[in-house]
Amino acid sequence: MKNVKLITEAIGTLTINKLRTGLAMLGIVIGIGSVIALVSLGQASQEAIQSQIQSLGANLLTVNPGSQRTGAVRGAAGSETTLTNADAEAIKTDSAITTVSAVSSEINQRAQVVAGKNNTNVRVNGVTSIYASVHKVTMDSGVFITDQDDAGIAKVVVLGPQVVSDLFGEGSNPIGQNIRIKGTSFRVVGVATSKGGSGFLNQDDVIYIPLSTAQKQVFGQTYLSNISLEAKSADVMTEAQNQVGYLLLARHKLSDPTQADFSILSQQDILNTANSTTSTFTTLLSGIAAISLVVGGIGIMNIMLVTVTERTREIGLRKALGAKKNVIVRQFLIESIILTFTGGSMGIVLGILVSYLYSLVNKSTFFISTPSILIAFVVSALVGVLFGWYPAQRAANLQPIEALRYE
Amino acid sequence: MVKSIIHLSHISKIYKTDVVETTALSDISFDIKKGEFVAIMGPSGSGKSTLMHIIGALDTPTTGSYVLDGEEVSKLTEDNLADIRNRKIGFIFQAFNLLPRRTTLQNVMLPMFYREATSSAYAISKEESEKIATKYLIMVGLENRLTHTSNQLSGGQMQRVAIARSLVNNPAILLADEPTGNIASNQAEEIMAIFQKLNNEGHTVVMITHESEIADHAKRIIHIRDGKLVSDEKNKKQKIAKLGIKQDTL
């Protein structure tokens, strides 16, 4: 018997019993859709975290003062005074340093800043002009700290967007206005664009002032909080780490690297930590997806078993009227193939749609994982076809009289 | 001499379970000739249903021979039995057994859909089968019900759809199993009238029933009891049913 005729008959049966068909398909649609959506949400989150860390700056190395191990006692972070302007200058000029393209000397401390009646506690960064390119700071309006500002110990400040809304109100333009940092008045010359992040990673709740002003006028210290280095490429990160490390050891008159009074942290280290965190997260989501696949599969199995069992009398009648066993089995197989494949395609569309909406709402990257689509589709299709075929096979094996009597 | 359509000789059917053997039919022999109207009667448990299954090629006898329209049926495989059922037997069931949610026309076309399974030469086009189905639906007086679904029909109407369905493949016999068991008595009269009309046109009708009032419409009555043939005689006082009622009210 030709399959074309059986396909027409199957489509007829499926369209006549809209509710039954709809319910069977719903199971498949939800099963496949949820797996695709969950996996893609997981990957989008991972992507988001990675790009946030990337936004801290590319190929970045940070030299922090303080030892990795100074006997039993370790001072509070930032309290060490081992990094100086001269150290930074040496890294910039020493001929042994071949892999570093930019050096940014930095000071950072928290301080209370005041504008009119408003005040807030922010991180005050004393920086030079190179900071903007090393840390990927872009300007929303105005200008960043310039070399002239640094040379002239100018009392100018660049605000992070969070600080603008805290001190002046959201959307206002503070350029030309004055704020006070530890009693000293500063003129606002620029506002940085938002970089996102929250908690300790919040990169918007900061202000930038010239390094010289920070050292001489505000905090009264000569040492640096840290030095940020940009390596020439991602491949020479380790080399740059070593070159700078040996230079500083020599400058600090230390022969044993374990006695170093500074540490060099590469951005890769941060990224690795973050990656291992997010991969735990993705594993969790994959686990949830796998469970929903199993639940969806059981749903498909149930509805297929029920619909075919419910139709035992119909199978009996068809057999009595002359349908052979293999014709019955093929007819039901074709029905379940149409059902699972239509439902599966709808599930894929739904999953992609949900992921897309999620990315729109969260302004995150729209990410679709092909393996998850394949796995979800293959598993559901197999379950659907198998459990459409198995009860049909069983019913087709019944004597027509038994099937006709079936209640 | 008129040709035998059904030839049963020494038919026995024994059901075996692990523990017991039940003899449903023992040594039944009779012939039914073309153009006969036979009622097979018996109380429940008499074996008349088993006999109907064997005549209908739904089941095979344990021993004995059954020749239907010149073909030996008793030793056929399941698939060959399906062919025989499709080509030679028009079934009318007590519970109508129409496909739910399908139109009257689609239901009547169903046996023709499976003609292709027997052999491709025997297959007919959809248009052709629609024409044939319509013809038989007009014959049973349902020309106004072609696109109705079975839940929109009365019991009598459903049974008339089933009769139309039984006729479409031009079978050798019409086999009716308690055809009036599920319908009101005035409508039962109508069904009997259709059977008598078909019989007058030359169709061979075999009807299984336990109601003697219904059996009285046949020309010949066979009694079965405890799996054995009790009597087989001509019905001398055949009741003639009237096709009198306005058909749309059925």
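All values reported here derive from a predicted model rather than from experimental measurement. (Residues numbered from 1 in each chain as written. Chains lettered and ligands numbered in written order. Predicted model: local features only at pLDDT ≥ 70, side-chain atom pairs only at ≥ 80, totals over all residues. Heavy atoms only, no water.)

Peer 1: I keep staring at the overall build of chain A and nothing clicks. Help me out?
Peer 2: Along the backbone of chain A there are 13 helices and ten strands. Across the 407 residues of chain A, 47% fall into the buried class. Within chain A, contacts between residues at least 6 apart in sequence are counted, and of these 78% link residues at least 24 apart. When the accessible surface of chain A is summed, it comes to about 19,100 Å², and 60% of that surface belongs to carbon and sulfur atoms. (Helix = DSSP H or I, 4+ residues; strand = E, 2+ residues; numbered from the N terminus. Buried < 20%, exposed > 50% of the residue type's maximum accessible area, 1.4 Å probe, protein only. Contact = heavy atoms within 4.5 Å. Areas by Shrake-Rupley, 256 points an atom, 1.4 Å probe, with all protein chains shown as cover.)

Peer 1: Would you explain the interface of chain A and chain B in this entry?
Peer 2: A common way to state how big an interface is: give the accessible area lost once the parts meet. Residue-level contacts link 28 residues of chain A with 26 residues of chain B. Scanning the region where chain A abuts chain B turns up three salt bridges. Linking chain A with chain B are ten residue pairs in polar contact (both at pLDDT 80 or more). When residues of the side of chain A that touches chain B are traced back to their parent elements, those giving at least two are helix H1 (3-16), helix H10 (312-320), helix H11 (325-362) and helix H13 (400-405) of chain A. (Salt bridge = Lys/Arg side-chain N within 4 Å of Asp/Glu carboxyl O. Polar contact = N/O pair within 3.5 Å; in protein donor to acceptor, adjacent residues only side chain to side chain.)

Peer 1: What is the right way to read the packing of helix H2 (residues 18-54) of chain A against helix H12 (residues 370-397) of chain A from this model?
Peer 2: Packed helices, taken two at a time, are described by the angle between their axes plus the distance between the axes. All names here are of chain A. At a minimum axis distance of 9 Å, the contact between H2 and H12 shows a crossing angle of 160 degrees. With respect to each other, H2 and H12 are oriented roughly antiparallel. Pair H2 / H12 crosses with right-handed handedness. In this structure, H2 uses Ile28, Ile32, Val35, Ile36 and Val39 to contact H12, whose residues at the interface are Ser372, Ile373, Ala376, Phe377 and Ser380. (Axes fitted to C-alpha atoms, helices over the stretch in contact; angles between N-to-C directions. Parallel < 35°, antiparallel > 145°, perpendicular 65-115°, else oblique. Left-handed = near helix turned anticlockwise from the far one by under 90°.)

Peer 1: Help me understand a nonpolar patch on the surface, please; the structure alone is not making it clear to me.
Peer 2: Residues and elements named next belong to chain A. On the surface, Leu19, Leu23, Leu26, Ile30, Leu350 and Val354 cluster together into a nonpolar patch covering about 540 Å² of accessible area. The set of elements that each furnish at least two residues to the nonpolar patch consists of H2 and H11. Looking at the nonpolar patch, the element that brings in the most residues is H2, giving four residues. Looking at where Leu23 falls in the secondary structure, it is placed in helix H2. (Patch = residues over 30% accessible without salt bridge, like charges linked within 9 Å, V, L, I, M, F, W, Y side chains within 5 Å.)

Peer 1: Could you clarify how one ought to interpret the sheet that holds strand E6 (residues 89-92) of chain B in this entry?
Peer 2: The pairing of strands in a sheet comes from backbone hydrogen bonds and takes either a parallel or an antiparallel form. Residue and element names in this part refer to chain B. With mixed pairing, six strands are arranged side by side in an open sheet as E6-E7-E8-E3-E9-E10. Either end of the sheet is taken by a strand with one partner, and the two such strands are E6 and strand E10 (228-234). For this sheet the average axis-to-axis angle between neighbouring strands, irrespective of direction, equals 15 degrees. When E6 meets strand E7 (residues 173-177), the two strands line up parallel, connected through four bridges. By the bridge assignment, Phe91 is partnered in E7 with Leu175. The strands touched by helix H6 (residues 155-167) within the sheet are E6 and E7, with E6 carrying the most contacts at an inclination of about 170 degrees. Against the sheet, helix H7 (residues 185-200) touches strand E3 (37-41), E6, E7 and strand E8 (204-209), its axis set at about 150 degrees to E8. (Pairing = 2+ DSSP bridges.)

Peer 1: Looking at this structure, how should I read the pairing of E10 of chain B?
Peer 2: Consecutive residues of a regular strand have side chains that alternate between opposite faces of the sheet. Residues and elements named next belong to chain B. In this structure, strand E9 (residues 220-225) lies alongside E10, joined through six bridges in antiparallel fashion. Note on E10: the bridge partner recorded for Arg225 is Lys228. Here E9 hands over to E10 after two residues, with Asp226 in that stretch at a positive phi of 50 degrees.

Peer 1: Quick question: what am I supposed to make of unusual backbone geometry here?
Peer 2: When glycine is set aside, most residues are seen to have a negative phi, and most peptide bonds are trans. Phi angles above zero are rare outside glycine, and Lys253 of chain A is one such case at about 55 degrees. Note on placement: Lys253 of chain A falls in the loop between helix H8 (237-251) and strand E10 (262-266).

Peer 1: Explanation requested: the confidence of the model for chain B in the structure shown.
Peer 2: Do not read the fine detail of predicted coordinates wherever pLDDT is low. Residues and elements named next belong to chain B. Residues with a pLDDT of 70 or more make up 96% of chain B, whose mean pLDDT is 89. Mean pLDDT across the elements of chain B bottoms out in helix H4 (residues 115-118) (74) and peaks in E3 (95). A low-confidence stretch, residues 245-250 (pLDDT under 50), is modelled with 15 contacts involving residues beyond four sequence positions or located in other chains. As scored by the predictor, the complex reaches a pTM of 0.69 and an ipTM of 0.90. (pLDDT = per-residue confidence, 0-100.)

Peer 1: Could you clarify how one ought to interpret the environment of Leu271 of chain A in this entry?
Peer 2: Residue and element names in this part refer to chain A. Residue position: Leu271 is located in helix H9 (residues 267-310). Residue Leu271 is classed as buried on the basis of its relative accessible area, which comes to 10%. Leu271 sits 220 residues away from Ser51 along the chain, and the two C-alpha atoms are 9.8 Å apart. Not counting the four nearest positions on each side in its chain, Leu271 is found in contact with Gln50, Ile53 and Gln54.

Peer 1: Would you explain helix H1 (residues 48-55) of chain B in this entry?
Peer 2: Residues spaced three or four apart along an α-helix point in a common direction, a consequence of the helix completing one turn every 3.6 residues. Of all eight residues making up H1 of chain B, seven are buried, and the element is well covered by its neighbours. Those residues of H1 of chain B that fall on the buried side of the exposure criterion are Lys48, Thr50, Leu51, Met52, His53, Ile54 and Ile55 of chain B.

Peer 1: Help me understand the pairing of strand E2 (residues 21-33) of chain B, please; the structure alone is not making it clear to me.
Peer 2: All names here are of chain B. Strand direction decides the pairing type here: strand E1 (residues 4-16) and E2, joined by nine bridges, are antiparallel. Residue Lys13 lies in a different strand from E2, and its bridge partner there is Leu25. Between E1 and E2, which pair antiparallel and follow one another directly, the connecting turn spans four residues.

Peer 1: Explain the environment of Arg110 of chain A here, please?
Peer 2: All names here are of chain A. Within the secondary structure, Arg110 sits in strand E2 (residues 100-115). Setting aside residues up to four positions removed in sequence, Arg110 forms contacts with Asn121, Val122, Arg123, Val124 and Asp205. Polar contacts involving the side chain of Arg110 include one to the side chain of Asn121, which spans 2.9 Å.

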